[in-house]
Amino acid sequence: MYVASKHAVEGLTKAAALEGAAREVRVNAVAPGPVETELLNRFAGSADKKAALAAGVPGRRLGTPEDIAAMIVFLASDKADFVTGQILGANGGKTALCIWRAFPPKEGMIMSETRYDDLPEPLKNVRTRSLFVMHLDVRPLVVVGATPGANRRIGLVSGGSFEGERLSGQVMDGGSDWQAVRADGGTTLDVRLVLKTKDNALIAMTYRGVRHGPAGVIKRMEKGEAVDPASYYFRISPLFETAAATYDWLNRVLAVGIGHRRPDGPVYSVFEVL
C-alpha cells in the first residue's frame, strides 16, 4: 500500500501538470528522504539507528524540515517558472545511490551504501597460502598469426616440475599455452596442463592469465633476454581437477599465481585463495 500510494502521487502530479499547463498552472511534488522529525525519531527508536540512517545518505546527514521548505519555496517561486510535472527528490543524494539494505523486521528497514569499513572481516582482505612453485619447459612458439580476434600463438609444453609443501611432482608432456597478443600489447594466456605428483596422482590444471608491461621490457623478454619480474605484470588464475582421493581438496580450490618468463621457460608461484 505504501509503495502504491507513492506511485499514485507521482502519477497524479504528472497528470495534473499536463492538465494545468495550458492555464499556466504548474504542478510539482517534493519527495523527501530521511528528515529529522518526530515521526523519524519514533521510527528509528534510538540514536544508533538515526546515525545509521545518516550514514546511508551520501551527504552524511539527515534532512531538516527547513531543507524541504526551501525546496517548496523554490518551486513556488518565479525562478521555477519552467518547472512542472516533476518529482524533485530532497534526499541528500539517495536517489543517485540506489543501494538498499534491508534489516530484519524487528530492526526496521534502513537504506545505506555498502562501504569498506562496514564489511565483515573476511571480506576486507584476500588471504592466501602457498601451493607450489612451478617451472615449465616450453618448445619454441607456434605462431599462427593475426587472426580476426588477435595475434595467435601457441606454446607446447614438453614438461616441467612443481614443488610445494602439500604436493610436488612433474608436469607431463603434452600441455599447451594458447596465447593471444592484443592490440594494446598485452598477452592473454589459456593454458592446459597435466600434473603428476610424486605419489603418481594425476591432476588437470587449467588457467587463464594476463601479461603486460612497458614495450621495451616486453621486447627484451620476447628476444629471450632476462628481465626483472617487477618490471611487468604477469598473473594467472588456476583451477584443478583430480580423481585422486588424496588431492580431492584441490577440486574446490581457486588459486592465483604470479608468473615470470625466464629465458629457460616460465616460472609461477601459485597460491591457494583461502
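A brief structural summary. Small disclaimer: the values here were computed from a predicted structure and weren't measured.

What follows concerns the environment of K14. Secondary-structure assignment places K14 in helix α1 (residues 2-21). Those residues in contact with K14 that lie beyond four places of it in its chain are G85 and I87.

Once that is clear, we can look at the layout of surface pockets. Of the volumes computed, that of the second largest pocket is approximately 290 Å³. Lining the second largest pocket are 22 residues, and of these V138, R261, R262, G265 and P266 lie nearest its centre. Elements represented by at least two residues in the lining of the second largest pocket include exactly β5 (128-138), β9 (175-181), α6 (215-222), β13 (255-262) and β14 (265-273). In the lining of the second largest pocket, the residues fall into ten nonpolar, three polar and nine charged.

So, about the nonpolar core. Among the nonpolar cores identified, the biggest contains 30 residues, and F132 and M134 are the most heavily contacted of them. Of all the secondary structure elements, the ones that give two or more residues to this core are β5, β7 (151-163), β10 (187-197), β11 (202-212), α6, β12 (233-242) and β14. Leaving out residues up to four positions away in the same chain, F132 has contacts with F162, E163, G164, L167, L195, M205, F240, Y268, S269 and V270. Ranked by size, the runner-up nonpolar core spans six residues in total, among them V35, L75, L88 and A90.

As a further point, take the side chain of S176. If you trace the backbone, S176 turns up in strand β9. The residues touching S176, leaving out its near neighbours within four places in the chain, are G155, V157, D190, V191 and R192.

Before going further, it helps to spend a moment on the packing of aromatic side chains. Under the definition given, this model contains five aromatic pairs. For the ring pair Y207 and Y268, a centre distance of 5.3 Å and an interplane angle of 65° mean the geometry is edge-to-face. Of this pair, Y207 sits in strand β11 while Y268 sits in strand β14; the two residues are 61 residues apart in sequence, bridging distant segments of the chain. Residues Y207 and Y268 agree in their burial class; the two are buried. The structure contains a cluster of three or more aromatic residues connected by ring pairs, namely Y207, Y232, F234 and Y268. The ring of Y116 carries K124 above its face, with NZ or CZ at 5.7 Å from the centroid. Over the ring of Y233 we find R235, and its NZ or CZ is 4.6 Å from the ring centre.

All right, on to the environment of M134 then. For M134, the location among the structural elements is in strand β5. For the pair M134 and G164, spaced 30 residues apart in sequence, the C-alpha separation works out to 8.8 Å. In contact with M134, not counting residues within four places along its chain, are S161, F162, V171, L193, L195, M205, Y207, P266, V267 and Y268.

Conventions used here
Residues numbered from 1 in each chain as written. Predicted model: local features only at pLDDT ≥ 70, side-chain atom pairs only at ≥ 80, totals over all residues. Heavy atoms only, no water. Helix = DSSP H or I, 4+ residues; strand = E, 2+ residues; numbered from the N terminus. Contact = heavy atoms within 4.5 Å. 1 Å grid on protein atoms, 1.4 Å probe; cavity = no way out; pocket = protein on both sides within 12 Å on 5 of 7 lines; lining within 4 Å. Points joined across faces, edges and corners; volume = space filled by probe spheres on them. Nonpolar A, V, L, I, M, F, W, Y, C, P; charged D, E, K, R; others polar. Core = buried A, V, L, I, M, F, W, Y, C linked by side-chain atoms within 4.5 Å. Buried < 20%, exposed > 50% of the residue type's maximum accessible area, 1.4 Å probe, protein only. Phe/Tyr/Trp six-rings, centres within 6.5 Å; stacked < 30°, edge-to-face > 60°. Lys NZ or Arg CZ within 6 Å of the ring centre and 35° of its normal.

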